[in-house]
Amino acid sequence: MKETILGVDVNTENYDELIPKLFHNIDAKKKSLVVAINPEKLMKAKDDPALKALLNRAEFQIPDGIGVIIASKLQKGNITSRVTGVDMMDRIVREAARTGKSIFLYGAKPGVAEAAAAKLIATYSDLKVAGTQDGYEKDTSKVIDKINAAKPDILFVAMGSPKQELWIEEHRDNLHPILYQGVGGSFDVLAGNVKRAPAAFQKAGAEWLYRLLLEPSRIKRQMNLPKFLFQIIRQK
Ligand code: UDP
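Residues numbered from 1 in each chain as written. Predicted model: local features only at pLDDT ≥ 70, side-chain atom pairs only at ≥ 80, totals over all residues. Heavy atoms only, no water.

Taken together, the neighbourhood of the ligand is formed by 13 residues, with Ala108, Gly135, Tyr136, Lys163 and Asp188 sitting nearest. Here glycine 135 contributes a backbone N or O atom positioned 2.8 Å from a nitrogen atom of the ligand. For the ligand, an oxygen atom lies 3.5 Å from a polar atom in the backbone of glycine 160. In isolation the ligand has 550 Å² of accessible area, and contact with the protein removes 64% of it. Along the lines of polarity and charge, the residues of the shell around the ligand split into 4 nonpolar, 6 polar and 3 charged. (Near = heavy atom within 4 Å. Polar contact = N/O pair within 3.5 Å; in protein donor to acceptor, adjacent residues only side chain to side chain. Areas by Shrake-Rupley, 256 points an atom, 1.4 Å probe, with all protein chains shown as cover. Nonpolar A, V, L, I, M, F, W, Y, C, P; charged D, E, K, R; others polar.)

Here we take up the pattern of salt bridges. Evaluated as defined, the whole model comprises 14 salt bridges. The salt bridge involving arginine 211 is made with glutamate 207; its shortest N-O contact spans 3.9 Å. Of the two residues, arginine 211 and glutamate 207 are both situated in helix α11 (residues 207–214); the distance of 4 residues between them amounts to about one turn of the helix. In this structure arginine 211 comes out as partly exposed when scored by relative accessible area, which is 36%. Judged by relative accessible area, glutamate 207 falls into the buried class, the value being 5%. (Salt bridge = Lys/Arg side-chain N within 4 Å of Asp/Glu carboxyl O. Helix = DSSP H or I, 4+ residues; strand = E, 2+ residues; numbered from the N terminus. Buried < 20%, exposed > 50% of the residue type's maximum accessible area, 1.4 Å probe, protein only.)

What follows is about the sheet that holds strand β4 (residues 60–63). As summarised here, the arrangement of the 6 strands in space is β4-β3-β8-β7-β5-β6, forming an open sheet in which the pairing is parallel. Each edge of the open sheet carries a strand with a single partner, namely β4 and β6 (128–133). Neighbour to neighbour, the strand axes of the sheet diverge by 20° on average, direction disregarded. With 5 bridges connecting them, strand β5 (residues 102–107) and strand β7 (residues 154–158) associate as parallel partners. Within the sheet, the bridge partner assigned to phenylalanine 104 lies in β7 and is leucine 155. (Pairing = 2+ DSSP bridges. Axes fitted to C-alpha atoms, helices over the stretch in contact; angles between N-to-C directions.)

As a further point, take the side chain of histidine 171. Position of histidine 171 relative to the elements: it lies in helix α8 (residues 163–171). Those residues within four positions of histidine 171 in sequence are excluded, and the remaining contacts are Thr140 and Ile144. (Contact = heavy atoms within 4.5 Å.)

Attention now goes to the pairing of strand β8 (residues 179–182). The alternating pattern of β8 places Leu179 and Gln181 and Tyr180 and Gly182 on opposite faces, both of which are buried. Bridge analysis of strand β3 (residues 32–37) against β8 gives 3 bridges, and the strand direction is parallel. Bridge pairing in β8 places serine 32 opposite leucine 179. Inspection of the sheet shows β7 paired to β8 by 4 bridges, in the parallel sense.

A separate point is the layout of surface pockets. By volume, the largest pocket is sized at about 1,400 Å³. Along the walls of the largest pocket sit 41 residues, with Asn38, Glu40, Arg211, Arg218 and Arg221 positioned nearest its centre. Among the secondary structure elements, those contributing two or more residues to the lining of the largest pocket are α2 (39–46), α4 (66–74), α5 (85–99), α9 (186–191), α11, α12 (219–222) and α13 (224–234). For the lining of the largest pocket, the element with the most residues is α11, which contributes 6 residues. (1 Å grid on protein atoms, 1.4 Å probe; cavity = no way out; pocket = protein on both sides within 12 Å on 5 of 7 lines; lining within 4 Å. Points joined across faces, edges and corners; volume = space filled by probe spheres on them.)

As structure tokens, this is what we get:
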């Protein structure tokens with residue numbers, strides 16, 4: 001099920017409901033793309049029809065960020081829980097390990113994807129990592145050939161948004177993987193280069209507060225949230 005927020009479709013399901021759908025598509029060889037939706041992207045897409053169309057073309061749009069949940073509440077929608085990019089990736093990896101599907105990690109600085117892969121294998125010993133590639137190789141055909149030669153079922157691309165989604169869209173017809181997810185800075189988080197908020201902050205949906213405490217200059221970016229919520233109220 002999807003719900004439209006500022007003109008962008010967003011899935012209403014939680015992790016447990018999404019996983020079978022994603023893996024059903026893999027078994028049916030139906031290519032699909034997962035994009036994370038947050039208020040920042042929705043505000044950008046509002047003034048950028050190409051970005052809006054790109055987000056709407058994805059097969060799955062997950063509600064990342066507490067702002068999306070509040071927006072859904074304000075418009076009396078059905079999205080009740082966050083589905084974050086990094087946690088969705090973890091669920092996909094867990095299911096891949098369970099069902100014997102292989103993954104490929106593409107993106108981040110040299111060495112980071114390998115470190116992220118090592119962390120994942122330490123957690124999920126059955127996981128098949130078909131390969132890794134840093135996000136700074138200029139020769140696109142070289143990257144595509146490397147991914148295709150490794151024959152992964154699932155490709156995670158970590159080059160920031162919307163760069164990663166644009167890359168996937170441009171090349172997915174020529175790529176072997178069936179499931180695609182743009183995961184932003186998740187490889188850095190997995191590799192331990194960037195710390196996530198403590199569990200208490202995560203549970204309270206207040207990772208934004210933790211980041212603000214660490215990095216007060218983020219207030220400028222975070223002031224976009226009230227602006228975003230105002231847009232939601234105004235559209236009614
Ligand atoms: N990155 C990359 N290639 C590029 C630009 C960026 O691989 O040409 C990587 C960068 O090293 C970092 C990630 O993309 O790991 C960007 O993460 P960020 O947190 O900015 O993305 P967001 O989650 O905000 O979309």
